[in-house]
Amino acid sequence: EDFLPNVGTPILYGDSQLAIFNNEMRGEWYCTQNMCPHKQAFVLSQGIIGATADDVPKVACPLHKKTFDLGTGQGISDQDLNILTFPVKIEGKKVFVELPAEAEVDAILGTHGLRVQKSECIDIAADAIKVPAQVNPFFSKNTTSTLIAV
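Everything numeric in this text was worked out from a predicted model, so none of it was measured. (Residues numbered from 1 in each chain as written. Predicted model: local features only at pLDDT ≥ 70, side-chain atom pairs only at ≥ 80, totals over all residues. Heavy atoms only, no water.)

## Regarding the sheet that holds strand β9 (residues 85-86)
- In spatial order, the strands read β1-β2-β3-β9; together these 4 strands make up an open sheet with antiparallel pairing. Of all the strands in the sheet, the pair left with one neighbour each is β1 (8-13) and β9.
- Pairing geometry for strand β3 (residues 28-33) and β9, over 2 bridges, is antiparallel. In the sheet register, Cys31 faces β9, and the bridge partner there is Phe86.
- Across the sheet, helix α1 (residues 102-109) is in contact with β1, β2 (16-23), β3 and β9; its angle to β2 comes to roughly 100°. (Pairing = 2+ DSSP bridges. Helix = DSSP H or I, 4+ residues; strand = E, 2+ residues; numbered from the N terminus. Contact = heavy atoms within 4.5 Å. Axes fitted to C-alpha atoms, helices over the stretch in contact; angles between N-to-C directions.)

Written as structure tokens, this is what we have:
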């Protein structure tokens, strides 16, 4: 129920983003890294799933259409670019993914080192939206967080 048919769903495992694909058309499930190795964008879960002319299940990155074999992770459109894949098992309505230890996956795919910690960018036009820090009632009184309307 948490995984819509014929699309990907991003999940977080430790500090790593993974993508679960419920390919209902084929009756198959896949799990891959969510980061496209082409430009290191975390978007594969938003990619289009389908099959090659040889009936190999694939996902196409939504940004630059690089394609990957969902079963093996091999690059289809660019054989120098590959992704990690993980076995998926379905039991009733439960989805199980066989994964290495969290620390091992994080060492390869962890996003902590990829987060913007500090920016030296200057707002030349002085029109960037200023988002004030507000006290979040769900945290302690000494904790501040940024609330953004979405």
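Once you've had a look at it, read on.
## Considerations on the sheet that holds strand β8 (residues 67-69)
- Pairing within the open sheet is antiparallel, and its 3 strands lie in the order β6-β7-β8. Among the strands making up the open sheet, the edge pair consists of β6 (48-51) and β8. Direction aside, the axes of adjacent strands within the sheet are offset by 30° on average.
- By the bridge criterion, 3 bridges tie strand β7 (residues 57-60) to β8 in an arrangement that is antiparallel.

## Things to note about the pattern of salt bridges
- One pass over the full model with this rule turns up 4 salt bridges.
- Here Asp55 ties to Arg26 by a salt bridge, and the two come within 3.0 Å at their closest N and O atoms. On the criterion of sequence distance, the pair formed by Asp55 in the loop between β6 and β7 and Arg26 in the loop between β2 and β3 is long-range, its members being 29 residues apart.
- Its salt-bridge partner being Asp78, residue Lys66 comes within 3.9 Å of it at the nearest N-O pair. Placement of the pair is Lys66 in the loop between β7 and β8 and Asp78 in the loop between β8 and β9, with a sequence separation of 12 residues.
- Overall, Lys66 belongs to the buried group, its relative accessible area being 19%.
- One continuous salt-bridge network, built from bridges that share partners, spans Arg26, Glu28 and Asp55. (Salt bridge = Lys/Arg side-chain N within 4 Å of Asp/Glu carboxyl O. Buried < 20%, exposed > 50% of the residue type's maximum accessible area, 1.4 Å probe, protein only.)

## Topic: the packing of aromatic side chains
- Counting across every chain of the model gives 1 aromatic pair.
- Between Phe3 and Trp29, the ring centres sit 5.7 Å apart and the planes meet at 85°, which makes this aromatic pair edge-to-face. Highlighted residues: Phe3 in the segment before β1 and Trp29 in strand β3, separated in sequence by 26 residues.
- Taking the relative accessible area as the measure of exposure, Trp29 reaches 23% and is therefore partly exposed. (Phe/Tyr/Trp six-rings, centres within 6.5 Å; stacked < 30°, edge-to-face > 60°.)

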